[in-house]
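Chain by chain, the residues:
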Amino acid sequence: MWWDERVSARFRRNLQPTLTYWSVFFSFGLCIAFLGPTLLDLRCQTQSSLSQITWVFFSQQFCLLLGSCLGGVFKRTLAQSLFALFASSLAISLVFAIIPLCHNVVVLAVVMAVAGLAMGCIDTISNMQLVKIYQKDSAVFLQALHFFVGFGALLSPLIADPFLSDTNCILSNSTANASSNLPHIRKSLVPHHPGNLSHYDLPMKGMVVTRVSYAFWIMALINLPVPIAVFFLLYKERMVPCFNSSSHPLLSADELAMETRPTEKDDLSAAAQRAQAAGGHDDLFSCCQSKNFRGASYTYFAVHITGALVLFMTDGIVGEYSGFIYSYAVEEPLSVVHKVAGYLPSLFWAFITLGRLISIPVSYRMKPATMVFINVVGVLITFLLLLIFSYSVVFLFVGTASLGLFLSSTFPSMLAYTEDILQYRGCATTVLVTGAGIGEMVLQLLVGSIIHDRGSYSFLVCGMIFGGLAFTFYAFLLFFHRMYPKPSADLDDASPDKPAITEDTGQYQR
């Protein structure tokens, strides 16, 4: 195997929880990308205007950010984390099943807000739990985790596509005029953010003709095994109240040997677990409490902030590029045929998924810091070449694929790198997830308004600026890493700068 026996043994011991967290992230990806392609059919279903239906985007993104902030609340015990994941993954299946029944845009926005909260909890908790299990070896498993997001995001539009309306799904006297604009409008509604559609006049009254309900029910069924998998993990860990038993499963001979330690090491391990429970991986609000700042150096805060700013930029680029690449391609000077331009967002997500798959073995041989450096430099160079060859349709497709590859592993690599710097003591996971969510929401709105005022060329200029800022913040992170205090025995036990002392048994911590 391309990894050593120690990591392989650790993976085997934690096989079920690891696969469960990966499957839950598949739910996250499945839910994040379906809204754009189906939005016109949902508009017909709710008989709402385009300006009204776009609030559904905002409700999902805002509550995703809120759920990411609150997700750390459930990390205090394994039982809380698993019950939160079970409720969140089950909520996503219920959301898929309920969406066809929403005939009012306000109700639809509320349902999508619930989905956003569930997605935010999944995002924070799954990252935290994998970091807790694997710690120094977490990079490769985080890469695999984020591969499943891309896989789900790639799959849901493919499921929805056969059921989308080819003509306007509200039949009225003006249907003929509206139908000719429908392909352009649909391709403008890409997975993250709708473009400027105010100049398209579609009917709001008439008979609704849409089959998109079948797509949502299929996605609900596809997602249903995920909460079942979380329930089986709860059952295995004896955390289901009605099936709880005082007996525990017997350990294998190898696991028993690893668990058998002298009394002094048991005391050390217990003390380390207490310190870790008290100090690391809190929710955002707990992280902001003054007691966590006591004795912390300025570099402790700087590492959190610069790491979050890098992801603010890179995840923001993912959102704005996937959201506006079609609109950029169909405008002058490229004037790409609408059907051909419609492949660009799919190409972008496909190479993000491929990049995350490739990063799984690569991350085992390469340090996270090196991977992040390659990512941010690659993003910057790709945008520079896109600006230089802005009149080339061929290079637009090449650049889109290249950008997807470079952005694919940025988040898990940055998370692993920052947690390594902080010795798994700070609030890196929560802060980085929150920063990435804010960036994805804010930069979409910012770029959308700039394109509306300055034209489509500003789309690439904004990407170049954001890439340059990401590189700059990463350079600051490298500087603060060098300044960050090394582990020392005379550091105060309550200091956030003191690394957690962990017993590296590779066991799944309850």
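Residues numbered from 1 in each chain as written. Predicted model: local features only at pLDDT ≥ 70, side-chain atom pairs only at ≥ 80, totals over all residues. Heavy atoms only, no water.

Looking at an unreviewed UniProt entry, one finds the chain named Major facilitator superfamily domain-containing protein 4A and attributed to Phaetusa simplex. Quoted verbatim from the Subcellular location (unreviewed entry) field of UniProt, the annotation for the chain is "Membrane". The UniProt entry for the chain carries the following text under Sequence similarities (unreviewed entry): "Belongs to the major facilitator superfamily." (UniProt positions renumbered as here; feature names shortened; annotations may be inferred.)

Asks: Honestly, the overall build of the chain in this entry has me stumped. Any pointers?
Replies: Each helix and strand in the chain was counted, giving 23 helices and two strands. Counting every atom, the chain has about 21,300 Å² of accessible surface; 67% of that belongs to carbon and sulfur. (Helix = DSSP H or I, 4+ residues; strand = E, 2+ residues; numbered from the N terminus. Areas by Shrake-Rupley, 256 points an atom, 1.4 Å probe, with all protein chains shown as cover.)

Asks: What should I look at first to understand unusual backbone geometry in this one?
Replies: For residues other than glycine, phi is negative in most cases, and the peptide bonds are mostly trans. One non-glycine residue with positive phi stands out, namely Ser335, at about 50°. Checked against the element boundaries, Ser335 lands in the loop between α16 (298-330) and α17 (338-341). Taking the relative accessible area as the measure of exposure, Ser335 reaches 42% and is therefore partly exposed. (Buried < 20%, exposed > 50% of the residue type's maximum accessible area, 1.4 Å probe, protein only.)

Asks: What exactly am I supposed to notice about helix α20 (residues 393-408) here?
Replies: In a regular helix each residue adds 1.5 Å, so 16 residues correspond to 22 Å; α20 covers 23 Å between its end C-alpha atoms and thus fits that length. Burial in α20 covers these residues: Phe395, Leu396, Gly399, Thr400, Ala401, Leu403, Gly404, Leu407 and Ser408. Those residues of α20 that are buried lie in contact with α16, α18 (343-365), α19 (368-388) and α21 (410-421). For α20, the side-chain oxygen to backbone nitrogen distance between the N-cap and Phe395 is 3.1 Å, and the N-cap itself is Ser392. (Expected span 1.5 Å × (residues − 1). Contact = heavy atoms within 4.5 Å. Polar contact = N/O pair within 3.5 Å; in protein donor to acceptor, adjacent residues only side chain to side chain.)

Asks: I'm lost on the packing of aromatic side chains in this one. Help?
Replies: For any two aromatic rings, the description comes down to two numbers: the centre-to-centre distance and the angle of the planes. Counted by the stated rule, this structure contains 22 aromatic pairs. Taking the centre distance of 5.7 Å and the plane angle of 35° together, the rings of Phe26 and Phe151 count as tilted. Highlighted residues: Phe26 in helix α2 (residues 15-32) and Phe151 in helix α8 (residues 138-160), separated in sequence by 125 residues. With centroids separated by 5.0 Å and ring planes inclined at 40°, the aromatic side chains of Tyr321 and Phe348 adopt a geometry described as tilted. In this pair, Tyr321 sits in helix α16 while Phe348 sits in helix α18, placing the two residues 27 residues apart along the sequence. The exposure class assigned to Tyr321 is buried, which follows from its relative accessible area of 0%. (Phe/Tyr/Trp six-rings, centres within 6.5 Å; stacked < 30°, edge-to-face > 60°.)

Asks: Quick question: what am I supposed to make of the environment of Gly323 here?
Replies: One can find Gly323 in helix α16. Residue Gly323 is classed as buried on the basis of its relative accessible area of 2%. Spatially, the C-alpha atom of Gly323 lies 7.7 Å from that of Pro345, the residues being 22 residues apart in sequence.

Asks: Help me understand the packing of α16 against helix α22 (residues 428-454), please; the structure alone is not making it clear to me.
Replies: Each pair of packed helices can be summarised by the angle the axes make with each other and by the distance between the axes. Two elements in contact, α16 and α22, have axes whose closest approach is 6 Å; the angle formed by their N-to-C orientations is 40°. Compared by their axis directions, α16 and α22 come out oblique. By crossing handedness, the relation of α16 to α22 is classed as right-handed. Looking at the contact of α16 with α22 residue by residue, the classes come out as 15 nonpolar, eight polar and three charged. (Axes fitted to C-alpha atoms, helices over the stretch in contact; angles between N-to-C directions. Parallel < 35°, antiparallel > 145°, perpendicular 65-115°, else oblique. Left-handed = near helix turned anticlockwise from the far one by under 90°. Nonpolar A, V, L, I, M, F, W, Y, C, P; charged D, E, K, R; others polar.)

Asks: Looking at this structure, I do not really get α19. What am I missing?
Replies: Side chains that are three or four residues apart share a direction in an α-helix, a result of its 3.6 residues per turn. Its 21 residues give α19 an end-to-end C-alpha distance of 30 Å, which sits within 8% of 30 Å, the value for a rise of 1.5 Å per residue. Every buried residue belonging to α19 is among Pro368, Ala369, Met371, Val372, Asn375, Val376, Gly378, Val379, Thr382, Phe383, Leu386 and Leu387, and all of these are buried. Looking at the buried residues of α19, the elements they touch are α8, α16, α18, α20, α21 and α23 (458-483).

Asks: Looking at this structure, how should I read the side chain of Ser458?
Replies: Here Ser458 lies in helix α23. In this structure Ser458 touches Ile450 and Ile451, once residues within four positions along its chain are discounted.

Asks: Sorry, what's going on with the environment of Ala113 here?
Replies: Inspection of the secondary structure puts Ala113 in helix α7 (residues 105-134). With a relative accessible area of 14%, Ala113 lands in the buried category. Sequence separation of Ala113 and Gln61 is 52 residues, and the distance between their C-alpha atoms is 8.0 Å. Ignoring anything within four residues of it in the chain, the contact list for Ala113 reads Ser59 and Cys63.

Asks: Explanation requested: a nonpolar patch on the surface in the structure shown.
Replies: On the surface, Leu90, Leu94, Ile98, Leu101, Tyr214, Trp217, Leu221, Leu224, Ile228, Phe231, Phe232 and Tyr235 cluster together into a nonpolar patch covering about 1,200 Å² of accessible area. Counting only elements with at least two residues in the nonpolar patch, the list comes to α6 (78-98), α11 (212-223) and α12 (225-236). With four residues, α12 is the largest single contributor of residues to the nonpolar patch. (Patch = residues over 30% accessible without salt bridge, like charges linked within 9 Å, V, L, I, M, F, W, Y side chains within 5 Å. Salt bridge = Lys/Arg side-chain N within 4 Å of Asp/Glu carboxyl O.)

Asks: Even after reading the chapter, I still don't get the side chain of Gln129, so can you show me in this structure?
Replies: By secondary structure assignment, the location of Gln129 is in helix α7. Among the residues examined, Gln129 registers a relative accessible area of 4% and is labelled buried. Among the polar contacts made by the side chain of Gln129, one reaches the side chain of Ser81 at a distance of 3.0 Å. If we skip the residues at most four places from it in the chain, Gln129 touches Tyr21, Leu78 and Ser81.

Asks: It is not clear to me how the confidence of the model for the chain should be interpreted in this structure. Could you clarify?
Replies: Residues shown with low pLDDT carry predicted positions that ought not to be read at fine detail. Mean pLDDT over the chain: 76, with 72% of residues reaching 70 or higher. Here helix α14 (residues 263-279) is the element of the chain with the lowest mean pLDDT, 40, and α19 is the one with the highest, 94. This model gives residues 246-281 a pLDDT under 50, and the stretch forms 40 contacts once residues within four places in sequence are excluded. Taken as a whole, residues 489-495 scores under 50 in pLDDT and shows ten contacts with residues more than four places along the chain or in a different chain. (pLDDT = per-residue confidence, 0-100.)

Asks: Would you mind showing me how to read the packing of helix α1 (residues 5-13) against α2 here?
Replies: Between α1 and α2, whose axes approach to 5 Å, the crossing angle comes to 80°. Relative to α2, α1 is oriented roughly perpendicular. Counting all contacts with α1, which are made through Phe11, Arg12 and Arg13, the residues of α2 involved are Leu15, Thr18 and Trp22. In the contact of α1 with α2, the residues fall into three nonpolar, one polar and two charged.

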